[in-house]
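Working through the structure, step by step
Listed below are the residues making up each chain.
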Protein chains: 2
Amino acid sequence: MKLINKNVDYAARALLVMSKTGGVFISARDIAAAQKIPYHFLRRVLQPLIKNGIVASVEGTKGGFKLLVDPAKLSILKLISIYNGKFQLSECMFRGKPCSNRRTCVLRKEVVKIENDFAERLGKLTISKLLQK
Amino acid sequence: MKLINKNVDYAARALLVMSKTGGVFISARDIAAAQKIPYHFLRRVLQPLIKNGIVASVEGTKGGFKLLVDPAKLSILKLISIYNGKFQLSECMFRGKPCSNRRTCVLRKEVVKIENDFAERLGKLTISKLLQK
DNA sequence: TTTAACTGACACTATTGTAGTATCAGTTAA
DNA sequence: TTAACTGATACTACAATAGTGTCAGTTAAA
């Protein structure tokens with residue numbers, strides 16, 4: 001599983017465009033053109049953002065998408081979780097031996113710790129930071 | 001690219017077995033049996049360890065593999081780099097816009113920093129730590 | 001000197017994930 | 001009525017991952 005794949009990439013770009021247009025609805029076609037994203041791909045990427053309450057959409061002519069949340073509170077980690085599921089470095093780095101007892105596996109504890117710190121830092125990477133120069 | 005895939009997993013297990021047998025050569029068949037690793041898969045996994053000077057092998061009857069390096073100095077990061085190439089979260093999280101100027105891209109700087117810290121910690125996860133109870 | 005166990009080096013398959021394309025139904029403003 | 005839009009889904013192409021199979025060459029021992 002790629003951590004930052006095209007889904008996450010294109011979603012972040014689209015959200016960036018929306019954060020600039022403010023409350024005005026912008027069509028998938030215009031977003032795709034602005035960021036040079038394949039149109040049909042983008043359309044599929046946008047759907048989960050609606051399901052997760054991050055953007056709103058209106059159908060029909062003059063329809064499109066707009067941002068519903070504060071870009072300062074929308075992190076890359078959130079996007080990763082939407083498209084790739086819960087972030088996890090590995091279910092258990094060593095599933096059988098030598099990790100037969102998960103509670104006493106030194107390595108596992110360490111991996112979980114690194115994993116958590118990593119996730120925490122990704123959680124601080126927000127869309128609004130992309131707007132900074 | 002999976003960070004910790006079967007290559008890394010099986011290599012670590014094999015090295016663990018070798019670190020227990022000391023300087024004695026142990027066959028791929030015995031390693032596979034000890035760790036319940038698919039035999040043919042393991043044989044392919046072992047080759048890069050030879051190429052990288054981590055283990056030595058002898059052919060023929062009574063042949064096999066033995067560890068050449070200190071397991072306290074052999075990290076998971078090293079294994080990842082052997083099988084998956086240089087660790088990199090993403091070439092550049094946002095390749096075109098808004099990251100047209102890589103030097104001024106705030107996000108990129110942050111991603112690189114997180115990436116480096118993450119790699120540093122993985123570099124401290126050694127094979128010898130797997131032996132600790 | 002023959003045999004059996006071993007490594008070295010590939011070639012092959014199956015399954016899954018990623019990226020991208022296409023289509024059809026329904027909605028809405030002009 | 002038409003054109004532009006979203007919602008939903010089906011489809012293809014390609015690459016990565018996991019696992020299997022085979023053949024040539026090497027070596028210890030019967």
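Whatever comes next refers back to the structure up there.
Residues numbered from 1 in each chain as written. Chains lettered and ligands numbered in written order. Predicted model: local features only at pLDDT ≥ 70, side-chain atom pairs only at ≥ 80, totals over all residues.

The subject of this paragraph is the overall build of chain A. For chain A, the helix and strand inventory stands at 6 helices and 2 strands. Ordered by position from N to C terminus, the α and β elements of chain A give α-α-α-β-β-α-α-α. Counting only residues that meet the buried cut, chain A has 31% of its 133 residues in that class. Within chain A, contacts between residues at least 6 apart in sequence are counted, and of these 59% link residues at least 24 apart. (Helix = DSSP H or I, 4+ residues; strand = E, 2+ residues; numbered from the N terminus. Buried ≥ 20, exposed ≤ 12 C-beta atoms within 10 Å, placed from the backbone. Contact = placed C-beta atoms within 7 Å.)

Right, let's get into the protein's contact with DNA strand D. A:S57, B:N5, B:K6, B:P38 and B:G60 are the nearest of the 28 residues found near DNA strand D. Mapped onto the surface near DNA strand D, the elements with two or more residues apiece are α2 (28–35), α3 (39–51) and β2 (64–67) of chain A together with α1 (6–21) and α3 (39–51) of chain B. Here the element with the most residues in the surface near DNA strand D is α3(A); it accounts for 5 residues. (Near = placed C-beta within 6 Å.)

Next up on the list: the protein's contact with DNA strand C. For DNA strand C, the set of nearby residues contains 28 residues, the closest of which are A:N5, A:K6, A:P38, A:H40 and A:G60. Within the residue set of the surface near DNA strand C, elements represented by two or more residues are α1 (6–21) and α3 of chain A together with α2 (28–35), α3 and β2 (64–67) of chain B. Per-element tally for the surface near DNA strand C: the top contributor is α3(B), with 5 residues. Here the surface near DNA strand C is composed, by residue class, of 7 nonpolar, 12 polar and 9 charged. (Nonpolar A, V, L, I, M, F, W, Y, C, P; charged D, E, K, R; others polar.)

Another aspect to go through is the packing of α1(A) against α2(A). Residue and element names in this part refer to chain A. Contact pair α1 / α2: the axes reach a minimum separation of 10 Å and the direction vectors enclose 105 degrees. The orientation of α1 with respect to α2, classified from their angle, is roughly perpendicular. Along the contact surface, α1 presents R13, A14 and V17, while α2 presents I31, A34 and Q35. Residues of the contact of α1 with α2, tallied by class, amount to 4 nonpolar, 1 polar and 1 charged. (Axes fitted to C-alpha atoms, helices over the stretch in contact; angles between N-to-C directions. Parallel < 35°, antiparallel > 145°, perpendicular 65-115°, else oblique.)

Below, the discussion takes up the nonpolar core. Ranked by internal contacts, the top residues of the largest apolar core, which has 64 residues, are A:A14 and B:A14. Leave out the neighbours within four places in its chain, and B:A14 touches B:I31, B:Q35, B:L42, B:V45 and B:L46. (Core = buried A, V, L, I, M, F, W, Y, C linked by C-beta atoms within 7 Å.)

Turning next to α3(A). Residue and element names in this part refer to chain A. Burial in α3 covers these residues: L42, V45, L46 and L49. Mapping the buried residues of α3 onto a view down its axis gives an arc of 105 degrees, with all of them on the same face. Exposed and oriented more than 90 degrees from the buried face of α3 are H40, R44, Q47 and K51. On its buried side, α3 packs onto α1, α2, β1 (55–58) and β2. (Arc of directions from axis to C-beta.)

Residue and element names in this part refer to chain A. In terms of strand pairing, β1 meets β2 through 4 bridges, oriented antiparallel. Across the sheet, the residue bridging to S57 is F65, located in β2. A loop of 5 residues connects β1 with β2, the two strands running antiparallel in sequence, and G60 in this loop sits at a positive phi of about 85 degrees. (Pairing = 2+ DSSP bridges.)

All names here are of chain A. What α2 keeps buried is the set A28, I31 and A32. For α2, the angular spread of the buried residues around the axis is 100 degrees, confining them to a single face. Contacts from the buried residues of α2 go to α1, α3 and β2. Immediately downstream of α2, the backbone of K36 shows phi near 55 degrees, a positive value.

The next subject is the environment of A:R44. In this fold, A:R44 is placed in helix α3. The sequence separation of A:R44 and A:N7 amounts to 37 residues, and the corresponding C-alpha distance is 8.9 Å.

Even without a glycine there, the phi angle at A:K36 is positive, about 55 degrees. Inspection of the secondary structure puts A:K36 in the loop between α2 and α3. Backbone geometry places B:K62, a non-glycine residue, at a positive phi of 65 degrees. Take B:K62: there are 7 C-beta atoms within 10 Å of it, and that puts it in the exposed class.

Residue and element names in this part refer to chain A. Where α2 contacts α3, the two axes come as close as 9 Å, and the packing angle between them is 115 degrees. Both α2 and α3 take part in a crossing whose hand is right-handed. Two secondary-structure elements touch here, α2 through A28, R29, I31 and A32 and α3 through Y39, L42, R43 and L46. Considered class by class, the residues forming the contact of α2 with α3 number 6 nonpolar, no polar and 2 charged. (Left-handed = near helix turned anticlockwise from the far one by under 90°.)

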